[in-house]
Number of protein chains: 4
Amino acid sequence: MPWQPGDPIRDGADYLESLRGRDLDVWLFGKRIAEPVDHPIIRPSINAIAATYDLAVSDPDLASATSELNGKTVNRFLHITGSAADVVSQNKMQRRLGRDTGTCFQRCVGMDAVNALFSLTYDIDAAHGTGYHHRFTTWLAEMQRLNLMVGGAMTDVKGDRSKGPLGQADPDLYLHVSERRDDGVVIRGAKAHQTGAINSHWMLVMPTARLGPEDRDYAIVGALPVEAPGITYIYGRQSSDTRSMEGQLDVGNAQFAGQEALVVFDDVFIPTERVFMDGETEFAAELVERFTSYHRRSYVCKSGVGDVLIGAAALIADYNGVPKASHIRDKLVEMSHLNETIYGLGIAASHESTQRPAGNWEPDPLLANSCKLDVTRYPYELARLAQDLAGGAVVTLPSEQDFDHPDLGPMLEKYFQGRPGVPTRDRVKVFRLIENMTMGRNAVGYLTESLHGAGSPQAQRIVIERGSDIEGKKRLAEKLAGIDEPD
Amino acid sequence: MPWQPGDPIRDGADYLESLRGRDLDVWLFGKRIAEPVDHPIIRPSINAIAATYDLAVSDPDLASATSELNGKTVNRFLHITGSAADVVSQNKMQRRLGRDTGTCFQRCVGMDAVNALFSLTYDIDAAHGTGYHHRFTTWLAEMQRLNLMVGGAMTDVKGDRSKGPLGQADPDLYLHVSERRDDGVVIRGAKAHQTGAINSHWMLVMPTARLGPEDRDYAIVGALPVEAPGITYIYGRQSSDTRSMEGQLDVGNAQFAGQEALVVFDDVFIPTERVFMDGETEFAAELVERFTSYHRRSYVCKSGVGDVLIGAAALIADYNGVPKASHIRDKLVEMSHLNETIYGLGIAASHESTQRPAGNWEPDPLLANSCKLDVTRYPYELARLAQDLAGGAVVTLPSEQDFDHPDLGPMLEKYFQGRPGVPTRDRVKVFRLIENMTMGRNAVGYLTESLHGAGSPQAQRIVIERGSDIEGKKRLAEKLAGIDEPD
Amino acid sequence: MPWQPGDPIRDGADYLESLRGRDLDVWLFGKRIAEPVDHPIIRPSINAIAATYDLAVSDPDLASATSELNGKTVNRFLHITGSAADVVSQNKMQRRLGRDTGTCFQRCVGMDAVNALFSLTYDIDAAHGTGYHHRFTTWLAEMQRLNLMVGGAMTDVKGDRSKGPLGQADPDLYLHVSERRDDGVVIRGAKAHQTGAINSHWMLVMPTARLGPEDRDYAIVGALPVEAPGITYIYGRQSSDTRSMEGQLDVGNAQFAGQEALVVFDDVFIPTERVFMDGETEFAAELVERFTSYHRRSYVCKSGVGDVLIGAAALIADYNGVPKASHIRDKLVEMSHLNETIYGLGIAASHESTQRPAGNWEPDPLLANSCKLDVTRYPYELARLAQDLAGGAVVTLPSEQDFDHPDLGPMLEKYFQGRPGVPTRDRVKVFRLIENMTMGRNAVGYLTESLHGAGSPQAQRIVIERGSDIEGKKRLAEKLAGIDEPD
Amino acid sequence: MPWQPGDPIRDGADYLESLRGRDLDVWLFGKRIAEPVDHPIIRPSINAIAATYDLAVSDPDLASATSELNGKTVNRFLHITGSAADVVSQNKMQRRLGRDTGTCFQRCVGMDAVNALFSLTYDIDAAHGTGYHHRFTTWLAEMQRLNLMVGGAMTDVKGDRSKGPLGQADPDLYLHVSERRDDGVVIRGAKAHQTGAINSHWMLVMPTARLGPEDRDYAIVGALPVEAPGITYIYGRQSSDTRSMEGQLDVGNAQFAGQEALVVFDDVFIPTERVFMDGETEFAAELVERFTSYHRRSYVCKSGVGDVLIGAAALIADYNGVPKASHIRDKLVEMSHLNETIYGLGIAASHESTQRPAGNWEPDPLLANSCKLDVTRYPYELARLAQDLAGGAVVTLPSEQDFDHPDLGPMLEKYFQGRPGVPTRDRVKVFRLIENMTMGRNAVGYLTESLHGAGSPQAQRIVIERGSDIEGKKRLAEKLAGIDEPD
């Protein structure tokens, strides 16, 4: 039975269907894209999210859970964590999806945002007597029921980084309330690097930074459908993005890719029942911290992507005829070691979750930030090692059209062959996959997003500094050194 | 009530008492040591173990557990893990003891050995119809009842590393059965780098390597009291060990240190009821793997020691008057980050434990080995950074006698002062603690043991290679690259 | 006076003219390219070489020299080194051109090849009484006179890496003599990753590996014009290469790029007077070593490219308003440090040149290989740090067409602004430059070519092992350890 | 003919003789040392300097030079560099002495100080019309004639690092002029970590930091004999220092070691003719920079020490029977690579020397500081790798007395044997040498001194930042990005 608007989404096919026919204001290469689902650059990013729907069907233990809100089975990406085991399961699902797609599947931001807001709205209510938590869970229950894709919009464009929201030349450089009405608020500004924004059904806008009392209009959290009037989406280019418009061979990973967009809010209305914070500035930093405690260990997805890259590197060594050379095996071990280090820190953070008064479980911030800080380093070294194992052809191969040419094709088949028994085109496909992941479309997600997604390295260092209890450690050293405790 | 022979050991004081008056054949500096407990070089290593007894009293949740064997509360170091949470608790106890002692507290080898043997004896019985498991649990129950310190003797001296046991110039270079009697076996050989051997009550001898069918006599596991006739203990020197005989100031950490010894078995008898493997060569590699799955993530103790070093580095920066300099804070963050990476991987391995048919829980080998491989690197970098923050005085300070000299003392007090308000001697103590941990007595445990304890880095790489499922990862890459599956 | 065929090339403009109207068999995207000079993808690679001509005019001390062959001033890229200072000057010229172009200017292979062959032909003649050296210098003098671009074709396609030339399924997988005629030889095979091949006037084919006596037909060195009948050039794709066909803004570096091609030799004739080695297999490894002694330290060009990347990173920090943040300054220092380490090792290798009996000077192989091994690592870390300083926009910016759109343009100008006073488009340009160098067209040259050009890392390690005199170092250790010398 | 006071020193034996019978106020372990030459802890440090004398005899090209002052052959350590080749020769001599001694030979500080002061005094005279340069060269000529050992005393004890000289609680925490007399000045304060101070004949006191006009009394440079009244030397302890008093086997390197001391100046007189700067505060930073340009690349000596450690690591792998294992060879290559990186940067800095108006040649500061910054990192990694190759016995071996014991000795000989044919004691000697260099006496020089000698890492970073011309690099990036030059 085909999916109809208003139906819950059952699988990837439904999800694709659900994205069709929306009248979004999406721009790419200076043109409005009538139907993103059919655009060859956009489609792979949609496929990656579709995989999150299909996995819940094919492996429900891994990718679905029982909602505390309504007792129903829901997609894990929409689930509020009810135990440390739930938090760990997120990581295992993320690694699996990284392995299956080789890219960013874009649904973690929403998962991490709803979990952070679940406890935050609860705590704001406790502090201020507001009614955010009920509003939030009401909305979330509907998301769960319909199995929708929720994006989380946090990163403001920020302008001059030496100044806060009020110090900017233009007040819109941080998203803010531009008007208050009886029935809701109007917001204005833009969010940059919005992962999967165009592929979402709803998005949660949230502040990006610690705010002071004077920043009241910037302390706004709310949910809004992606079709809300006044929103413009401008697609972010990726390295080698147009190869997705060319053919199959040169793209490396024809099926899957990530998506980032600039989202501009030109006086967009949010009705009161979907406002989950408004002016409680002292909770802004708290929100960022809770969200990043989840989101920084969500980057274990990169260990799944790393699995693909390790496999590709091993494959090319095999195709080259030298899978057993000691230096090659040693590099593969190093890649695995770094990859497992990322994974181990992520699941440690998840296992060490603690429960919030609201009832949900939240990862350990020190371990989560240590995980992310490793993610800002190791994928780059994995990429370097993969290129090392691949050899120079990873960046010097002729084009698909040359391989398809009646005269050139046989020449290329002959001269790019590896060990006997390996079709030359298979070898080419692996080179292109490695190129895709180390300096092509999916390098965006595997490398640069690993650096800056969920906050740049310096942001992790600040949390690590705060969490490392230097004063307590000084006491340990004093004691062992035989120094009398200071009075 | 003072401890009497035959009494269970209640605390550190009892433990010290229990070591007195044994007639061990212990040698240090060419002399037989009548009473190791009172020897100034040996005593700090005993103190470190005493801390494991005292912690079980002061923090029973952390350092004790309920035995599955008898339902009694036992020291966690003697406990068979009954859940993944139990395995994790070992790590938390280890970090705590690393923090409290700043050194190797020597009791993990036994803990990890009894857990490995618990399942191994069960599985050998299943395969061969032997009765090892009951023998083993009988013996272990007695260890638990008396709360004894058990050492684990695995590392053979090995001679020519290019050859196995039977290829050696001397058959004794791997420990082996030299005679079989009706009532037991006689063993011969030596075990090197035996951590805490002299401070143990009992030891478990175990093979160190994969064995072939021809190596039958080398496939021996058994328990024997440290006083068994025929055993000689020769104390291993440590960097700056004699400072423990000099005074208080220059030793850095006056109270605690590690211990390594060569243990020579000159035809030592083990009665049948304490033989837990004899000739089942195909289980030798299995034993090493199970033991190292526990033991390689036991090295999270080094994150506890790292806490002390981070504290010392922060303290000296503070005493120098520059605790807020950005490059100093940044180095402390880096130290914390590396330290938490070790910790995170260890507890990830523990959390991801799986249950053996025997009932005990065993850490994930891939994560455990990844943890240990990081341990072979990061403490060295932490040590370098600590020395960076300390400055050159860490290796150029005059001696305690100079500080005590009536004329020199005031001169040194004047010229080694740091920021106002810090007693010069406190500053000296911190320098000496850092020296102790980075190139003195406790550098042995913090650095070199981190490299080679539980197996050298290459051993970890081999397990990582085996566990990284390269073939499965190749399939992932093939699928994303669009390569048809090989038939 | 416009350049005419047969005239010496005076400058970059002449050089461009000299490339026009050649009837080369060049293929790109499955199409034969009638005039490469005017192709938007190819042209930037030609511009980079043109810079080598112009520099000789604008800074003759740096980029020209006096030929030993004829006493004339010649372009340094064609000069035989007459002193260690000459070798050093090559490096300084290379860094300068890296700074000026931000990419690979492709002329070093030829420079290093003519220097290696100068001494090699001399030494073959001495060993075999052949007349190669005179042939070679005669040819070289003509290259110098006309100031031509010479490419060096060394890297065979290699097929199964576990086998040598004769073990391959197809004998053509290493270039070889397919026929011997009275007046010359006919060669067959292909050379991969040929830097600047299409932009050359002549090329030198050379064997790529150590050869045995049985490999006689593979031991061929000769010079041939790029127009020689039977040669096909198939252009190598680069990450984001088609952006050069789009416009100015998204390409990052609109003016300059590198070039790699597969060059197929389908029975190509080389007359005897331009054969410089034929069958002297024992000199093949020697040729590779001499060539790589020059070529591996030629990679100091990457420190010039690194200068650009450091500048770009500093610029974006400045545009972001935070040029003075301590962690930003610290990362810039780290980038500079790594960059200078590359440079320092290269010029050390050059300064420590020794003179060959033929009279030319050749870099120290141990230092040259150490330089290259650092080049296989540090540019990747510089790229990571540059992306760190840039922030996520480096991979999420909308397209040029969006910036040019009448409605979107102002929106993007508003939301991508940095600190006041910086035009938004300038900020975009710097992001795009960093993208270009770290995962776009020029990442090919800055990263992957740094890994594999002049031989992959393992090749450097082999030379370092050979050059590190381990036996001599063992003697040093024995002496200080007090070990009597072995008899 | 035995050396007599007043004779020029010809060789190491003369040098030892020249140190006897001085009435120095030297303290070690709270005792005044009547004759340092015969003290077993001090003697190895004297031997290391003696090697500098003997090398000038055995290899005069390397270790001597012709003085510009008097045309005589002088020890290179006292020579003013007359060419870039001279500067390079210093490095080659330093590597050689590192190889021969495995430690710090202490004579570089003086060499680098006289070269820095040669040009500095010249430039002060030019600025102020003073007569320092003539005074200085007169004194230096006498040093050269007598071939004396000159120490350079720069590092003040500094107290509170957040404050300069005048901000300290005690004015003596930086060395300063405490009284001015008609015939000279009286100085007061202390210098810490004074390398080879007690083994010197003369020392040069110099300020340690940038000074302001108010710091006039701290801007003092002068030469004074080590016997000058009022000087006290307090010996700095080293890790495992007392092993030098025990025997031969456990010390690792019985013959050679470094030396650091605190030198206290309790109102010490310097006559006017040996004052080379007095109050010209604006030249203090300049002096530090010139001195460190020499001294930071002098740390190539550590590549000589590294040669010994590489040899020791290779030797132990050989003794263990596994010299050809791929992972072992790979680690040796990595050690060599890092070691050559240090060396290459040092000699690059030296080769790139420029001439001062005074006539001497001075290394390139950017490369010299890059060299030193690598020295603060790589020896630690070499030490880690050496311990990796050695195995745990490097820190667990029994004592020499145990090996000498009639019963234990044979037991230890048996159980610590390696591959057949290697005497067990030779194996022990290599373990002890590695221990000595990585956590014993010579680890002080090889590791911690590599960090802090010639200034801590942060000091190098500051010079690198200053020298890296960030503004110029921004221009490069702007040009390639197509940004119009700012007006």
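Each remark here, short or long, concerns the structure printed above.
The structure displayed is predicted, hence computed values, not measured ones.

Q: Please clarify how the interface of chain C and chain A should be interpreted in this entry.
A: Many descriptions give the size of an interface as the accessible area lost when the pieces come together. Listed by partner, the interface residues are 79 residues for chain C and 78 residues for chain A. Of the roughly 6400 Å² buried at the junction of chain C and chain A (both faces included), carbon and sulfur atoms supply 61%. Ranking the residues of chain C by area buried against chain A places Arg-237, Arg-384 and Tyr-415 of chain C at the top, with a combined share of 13%. Where chain C touches chain A, the interface holds eight salt bridges. Where Arg-237 of chain C meets Asp-250 of chain A, a salt bridge forms, and the shortest distance between an N and an O atom there is 2.9 Å. Our count for the contact surface shared by chain C and chain A stands at 37 residue pairs in polar contact (both at pLDDT 80 or more). It is helix α15 (residues 441-452) of chain C that provides the largest number of residues to the side of chain C that touches chain A, a total of six residues. Across the side of chain C that touches chain A, the residue classes break down as 30 nonpolar, 28 polar and 21 charged.

Q: What is the right way to look at the sheet that holds strand β6 (residues 176-181) of chain D in this model?
A: Note: strands within a sheet are paired through backbone hydrogen bonds, in either parallel or antiparallel orientation. Strands sit in the order β2-β1-β10-β11-β7-β6 (chain D) across an open sheet of six strands; the sheet is mixed. Sheet topology places β2 (31-32) and β6 of chain D at the edges, where each strand pairs with a single neighbour.

Q: Help me out: how do you make sense of the interface of chain D and chain C in this one?
A: Across the contact, 61 residues belong to chain D and 61 residues belong to chain C. Carbon and sulfur atoms make up 59% of the surface buried where chain D meets chain C, a total of about 5200 Å² over both sides. On the chain D side of the contact with chain C, His-337, Lys-473 and Leu-480 of chain D bury the most area, a combined 14% of that side's loss. Taken together, the connections running from chain D to chain C amount to 14 salt bridges. With a shortest N-O distance of 2.6 Å, Glu-352 of chain D and Lys-92 of chain C are connected by a salt bridge. If you look at where chain D meets chain C, you find 24 residue pairs in polar contact (both at pLDDT 80 or more). Contributing elements (two or more residues each) for the side of chain D that touches chain C: α4 (84-101), α8 (301-319), α9 (326-351), α10 (365-375), α14 (424-439), α16 (457-467) and α17 (470-481) of chain D.

Quick notes on the rules
Residues numbered from 1 in each chain as written. Chains lettered and ligands numbered in written order. Predicted model: local features only at pLDDT ≥ 70, side-chain atom pairs only at ≥ 80, totals over all residues. Heavy atoms only, no water. Contact = heavy atoms within 4.5 Å. Buried area = accessible area lost by both parts, 1.4 Å probe. Salt bridge = Lys/Arg side-chain N within 4 Å of Asp/Glu carboxyl O. Polar contact = N/O pair within 3.5 Å; in protein donor to acceptor, adjacent residues only side chain to side chain. Helix = DSSP H or I, 4+ residues; strand = E, 2+ residues; numbered from the N terminus. Nonpolar A, V, L, I, M, F, W, Y, C, P; charged D, E, K, R; others polar. Pairing = 2+ DSSP bridges.

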